[in-house]
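# Tertiary structure, described
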Amino acid sequence: KMTSTDQQQQNHPEEQRQYVWLIRYGRTDPPLLENIGNYDSDLHYPDGIAHAKAVGERLSSGVDRGPHSIPKIVYSDPFLRCMRTADVVVKTLNDASGSSDVKPVKIRVEQGTTEWQVPSLLVDKDGKRTNPRTLEELVRMLPDTVDGSYLSVNPQGPDRSTACSDGGDDNISGTNGVGGCPPRFPETEEQLYTRCRTTLRKILNDVGDMNSIAIVGHAPCVQSIALALEGSASPEDCTALGPWSLGGMTLFSRPIGSGGTETKWTLELYSDTAHMPGEFRDGRVGQWSLPGFLRD
């Protein structure tokens, strides 16, 4: 699933670049069923763990782009299947570094990349809404990999009374009093785009343009972040983006030293599953998409 841009650029041998990896988890147990649950399922053992390991090994290899493409920070949605994926990925990256002198990669739990705030993905058949674990709970669960000092740049906001299309009062105070568009239940697709665009901007402002990063999330959020990096206002304006496979990896890059978040990003891979084992390799298993990304 390489893009023509990827082939033409030939992995940018002439310059160092910053890379942003967007990763969807692999097989879960039990599988998520919309409007039914389980909405905070774990990775399947052994398949889902093997999928996460394959992602980590691909990241640590540099995928022919050199060591600067290896992420120094991994961000994750707080739901368990994403966190478990990030945990395996981070451990694989740290094991591959082979040096105690290198600062270990840690997971930054980012609420701004949490699951799409809609009933079909959060409210079960009995009407109970699922919320992710807190940072404190995740630190206790994954003490070796979670950065307990990290504060989400776009934390969860209060519920909306309705999912109004204009966003209304979304521009409320975030971390350190900075305004933002936080995740709030319920959430329209357009509000999701805005929330993920805001979260991405804050993350990039935080890390600068020298460190490559990875973001582990659910299909709705990684699709929305890909849309923001691609630079289109809506999916209708971008035919390069589409459904996302289980374990799929997307890659964007830009020249180091270009500065600012307005610099044009290059799409190099989209929902690529070349690293996945068995029946998951062709990317057809478990594909999911936001309605706006579906083509007739």
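Residues numbered from 1 in each chain as written. Predicted model: local features only at pLDDT ≥ 70, side-chain atom pairs only at ≥ 80, totals over all residues. Heavy atoms only, no water.

### Quick word on the packing of helix α2 (residues 47-61) against helix α3 (residues 80-97)
Pairs of packed helices are described in terms of their axes, by the angle between the two and the distance that separates them. Inclusion rule: The axes used here are C-alpha line fits, helices contributing only the stretch in contact, and every angle between their N-to-C directions lies in the interval 0 to 180 degrees. The helix and strand labels rest on DSSP assignments: H or I over at least four residues marks a helix, E over at least two residues marks a strand, and numbering proceeds from the N terminus. Just so you know how the angles are binned, under 35 degrees is roughly parallel, over 145 roughly antiparallel, 65 to 115 roughly perpendicular, and the rest oblique. Note: crossing handedness is left-handed where the near helix turns anticlockwise from the far helix by less than a right angle, and right-handed where it turns clockwise. Any two residues having at least one pair of non-hydrogen atoms within 4.5 Å are treated as being in contact. Residues are grouped as follows: Ala, Val, Leu, Ile, Met, Phe, Trp, Tyr, Cys and Pro are nonpolar; Asp, Glu, Lys and Arg are charged; every other residue, Gly included, is polar.
Close contact between α2 and α3 brings their axes to 8 Å; oriented N to C, the two are set at 40°. The angle between the axes of α2 and α3 places the two elements in the oblique class. The element α2 and its partner α3 pack so that their crossing is right-handed. Across the interface between the two elements, I49, A52, K53, V55, G56, E57, L59 and S60 from α2 touch R84, T85, V88, V89, T92, L93 and A96 from α3. Across the contact of α2 with α3, the residue classes tally to eight nonpolar, four polar and three charged.

### A few points about α2
The α-helix advances 3.6 residues per turn, and as a result positions three or four apart in sequence lie on the same side. So the rule is basically this: To estimate the expected span of a helix, count its residues, drop one, and scale the result by 1.5 Å. Buried, partly exposed and exposed residues are distinguished by accessible area as a fraction of the type maximum, computed with a 1.4 Å probe on protein chains only: under 20%, between the cut-offs, and over 50%, respectively.
Helix length check: α2 (15 residues) gives 21 Å between terminal C-alpha atoms against 21 Å at 1.5 Å per residue, within 8%. Residues of α2 that are buried include every one of G48, H51, A52, A54, V55, G56, R58 and L59, and no others. In this structure, the buried residues of α2 make contact with β1 (17-24), β3 (42-43), α3, β9 (249-255) and β10 (266-272). Residue G62 follows α2 closely and has a positive phi angle near 80°.

### Here's the deal with the confidence of the model for the protein chain
Just so we agree on the cut-off: A residue's pLDDT is the predictor's confidence in that residue, given on a scale from 0 to 100.
Averaged over the protein chain, the pLDDT score is 89; the fraction of residues at 70 or greater is 87%. With pLDDT under 50 throughout, residues 1-10 is counted as low confidence; its partners more than four residues away or in other chains account for 21 contacts. For the stretch residues 163-168, pLDDT sits under 50, and the model shows nine contacts to residues farther than four places along the chain or on other chains.

### Description of the sheet that holds β1
What counts, and what does not: At least two bridges found by DSSP between two strands is the condition for calling them paired.
Taken in spatial order, the six strands line up as β5-β4-β8-β1-β9-β10 in an open sheet, and their pairing is mixed. Edge positions in the open sheet fall to β5 (107-109) and β10, since each of these has one partner strand only. Neighbour to neighbour, the strand axes of the sheet diverge by 20° on average, direction disregarded. In this sheet, strand β8 (residues 213-217) lies alongside β1 in parallel orientation, the contact comprising five bridges. Within β8, the position partnered with R24 by the bridge is G217. With respect to the sheet, helix α6 (residues 189-207) is in contact with β1, β4 (73-76), β5 and β8, its orientation differing from that of β4 by roughly 155°.

### Notes on the environment of R201
With respect to the helices and strands, R201 occurs in helix α6. A sequence separation of 24 residues divides R201 from I225, and the C-alpha atoms of the two residues are 9.8 Å apart.

### Digging into the environment of R184
Looking at the element boundaries, R184 is found in the loop between β7 (179-180) and α6. You can call R184 buried: its relative accessible area is 4%. C-alpha of R184 to C-alpha of P155: the two residues are 29 residues apart in sequence and 9.5 Å apart in space.

### Focus on the pattern of salt bridges
To be explicit about the condition: Take a side-chain nitrogen of Lys or Arg and a carboxyl oxygen of Asp or Glu: if they are within 4 Å of each other, that pair is a salt bridge.
Counted under the stated rule, the structure contains 12 salt bridges. Here D42 ties to R84 by a salt bridge, and the two come within 2.9 Å at their closest N and O atoms. Of this pair, D42 sits in strand β3 while R84 is found in helix α3, placing the two residues 42 residues apart along the sequence. The closest approach of N and O atoms between R108 and D206, which form a salt bridge, is 3.4 Å. Placement of the pair is R108 in strand β5 and D206 in helix α6, with a sequence separation of 98 residues.

### So, the packing of aromatic side chains
As a reminder of what qualifies: Aromatic contacts are taken between Phe, Tyr and Trp rings whose centres are within 6.5 Å, Trp giving its six-membered ring; a plane angle under 30 degrees counts as stacked, one over 60 as edge-to-face, and the others as tilted. Put simply, a charge is over a ring when the Lys NZ or the Arg CZ is close to the ring centre, within 6 Å, and near the line of the ring normal, within 35 degrees.
A complete count under the given rule lists three aromatic pairs for this structure. Geometrically, the ring pair formed by Y193 and F293 is edge-to-face, given 6.3 Å between the ring centres and 85° between the ring planes. Note that Y193 is positioned in helix α6 and F293 in the segment after β10, a separation of 100 residues in sequence. Given a relative accessible area of 6%, Y193 falls into the buried group. What makes F293 buried here is its relative accessible area of 1%. Over the aromatic face of Y25 sits the side chain of R24, whose NZ or CZ is 5.4 Å from the ring centroid. If you follow R129 out to its NZ or CZ, it ends over the ring of F185, 4.1 Å from the centre.

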